[in-house]
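Architecture at a glance
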Amino acid sequence: MPRIVYVTYPTGAVAGGQKVIFRHVEALRELGFDAIAWTNKAARLPEWLAFAAPVEVETAFRPDDILVIPSDAPNAIRAASRDTRRIVIFEQNQFSFAAIALEAMDGFPPERFPAFIAVGAANAGTIRRLYPGARLEIVPCFADERVFQPGEAKLSQVAFSPRKRVSEAKIIRNLLPRYHPRHAGLGWAELSGVPEATVAETMARSTLFLSLSRFESVGMTPLEAMACGCICAGFTGVGGREFATRENGFWVEEDDCEAAVDALAQAADLVRTGGPALRRMQEAGFETARGWSYASFRTALEDVWMRLAPEARTPAS
């Protein structure tokens, strides 16, 4: 029976793409598929994420393994282009893929061109434009409702993750009390390099989330904040346009920091005022997050791999 081998190169740093890879492997094994994560000796497994996926380190691939290669690993893609095993490219970010991996993809001969798994519609759209004839499946990323839930007592604070927009985070934080003095007392809860459980706990007790998304395929963090009941404001990161609406947040054009300051102030005003308008936006956020649930992800994952490799599943499953 063939195995599904997700190749990954974690550095130990917080990365949503790494989280998704391990969640794929976990769920596939629970669904009865023979799946593992594979990495090299230079990798540092994520200590910020609790996961149950088995990981093999530089073990030899089997002849019938199905190799799932991350789209941001050009060296692995280049090696896979010379491999006779079945190859699937796990496309989690079309921007990094376009920046670093297209030349490596050119090495695949037409008769062995790989299939793709994308994490969202916009993400998939790029692949369709680049490779119209390629097999393409979508397994959506998700806001994990098992982890991200609203808390009982909310604090008047802004949760934010500045990793992709360090300068913008400083600009917005410095301008807010000067442009909108009524919100000078807002607390700030930075989510940098902390475990997923801490992120969830912080969002659960925060009233606001400043979205600092940038060059996203979809962008899970704002969805996770919505699942926790935060009112979101800020940037969509392009990919977030797939879920961002007037009803579920205060969204602004990319890089417009002053607009983001004003949007965050509007969000804080809404929280301060409360009432039906606040409840409507929170419910819209909950509804949006439910549309990107772990349960939906799991169903899609099972359907996709039953199309790609049903023989990798034990008959009893």
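Reading the values: rules and limits
- Residues numbered from 1 in each chain as written.
- Predicted model: local features only at pLDDT ≥ 70, side-chain atom pairs only at ≥ 80, totals over all residues.
- Heavy atoms only, no water.
- Helix = DSSP H or I, 4+ residues; strand = E, 2+ residues; numbered from the N terminus.
- Polar contact = N/O pair within 3.5 Å; in protein donor to acceptor, adjacent residues only side chain to side chain.
- Contact = heavy atoms within 4.5 Å.
- Buried < 20%, exposed > 50% of the residue type's maximum accessible area, 1.4 Å probe, protein only.
- Pairing = 2+ DSSP bridges.
- Axes fitted to C-alpha atoms, helices over the stretch in contact; angles between N-to-C directions.

What follows concerns the side chain of Gln94. Tracing the backbone shows Gln94 in helix H3 (residues 94-100). A distance of 3.1 Å separates a polar atom in the side chain of Gln94 from a polar atom in the side chain of Asn123. Setting aside chain neighbours within four positions, we find Gln94 in contact with Ala122, Asn123, Thr126, Glu216 and Ser217.

Let us now look at unusual backbone geometry. One non-glycine residue with positive phi stands out, namely Glu58, at about 55°. Within the secondary structure, Glu58 sits in the loop between strand S3 (55-57) and strand S4 (66-70). Overall, the relative accessible area of 40% leaves Glu58 in the partly exposed class. Phi angles above zero are rare outside glycine, and Val238 is one such case at about 75°. Relative to the helices and strands, Val238 is located in the loop between strand S11 (231-235) and strand S12 (249-252).

With that out of the way, let us pick up the sheet that holds strand S5 (residues 86-91). Spatial ordering of the open sheet is given by S3-S2-S1-S4-S5-S6-S7, a layout of seven strands whose pairing is parallel. Looking at which strands have only one partner, the edges of the open sheet turn out to be S3 and strand S7 (136-138). Averaged over all adjacent pairs, the angle separating strand axes in this sheet is 30°, with direction ignored. Across four bridges, S5 lies against strand S6 (residues 115-118) in parallel orientation. Bridged to Phe90 within S6 is Ile117. In this fold helix H5 (residues 121-130) packs onto S5, S6 and S7, with an angle of close to 175° to the strand it touches most, S7.

A few words now on the sheet that holds S11. On the basis of which strands lie adjacent, the open sheet formed by five strands has the order S9-S8-S10-S11-S12 and parallel pairing. Whereas interior strands pair on both sides, the edge strands pair on one side only; in this sheet they are strand S9 (187-190) and S12. Ignoring strand direction, the axes of neighbouring strands in this sheet form an average angle of 20°. Inspection of the sheet shows S11 paired to S12 by four bridges, in the parallel sense. In the sheet register, Ala233 faces S12, and the bridge partner there is Phe250. Packing of helix H9 (residues 257-273) onto the sheet brings it into contact with strand S8 (155-160), S9, strand S10 (206-212), S11 and S12, and relative to S11 it is tilted by some 175°.

By themselves, these observations are geometric and do not establish any function.
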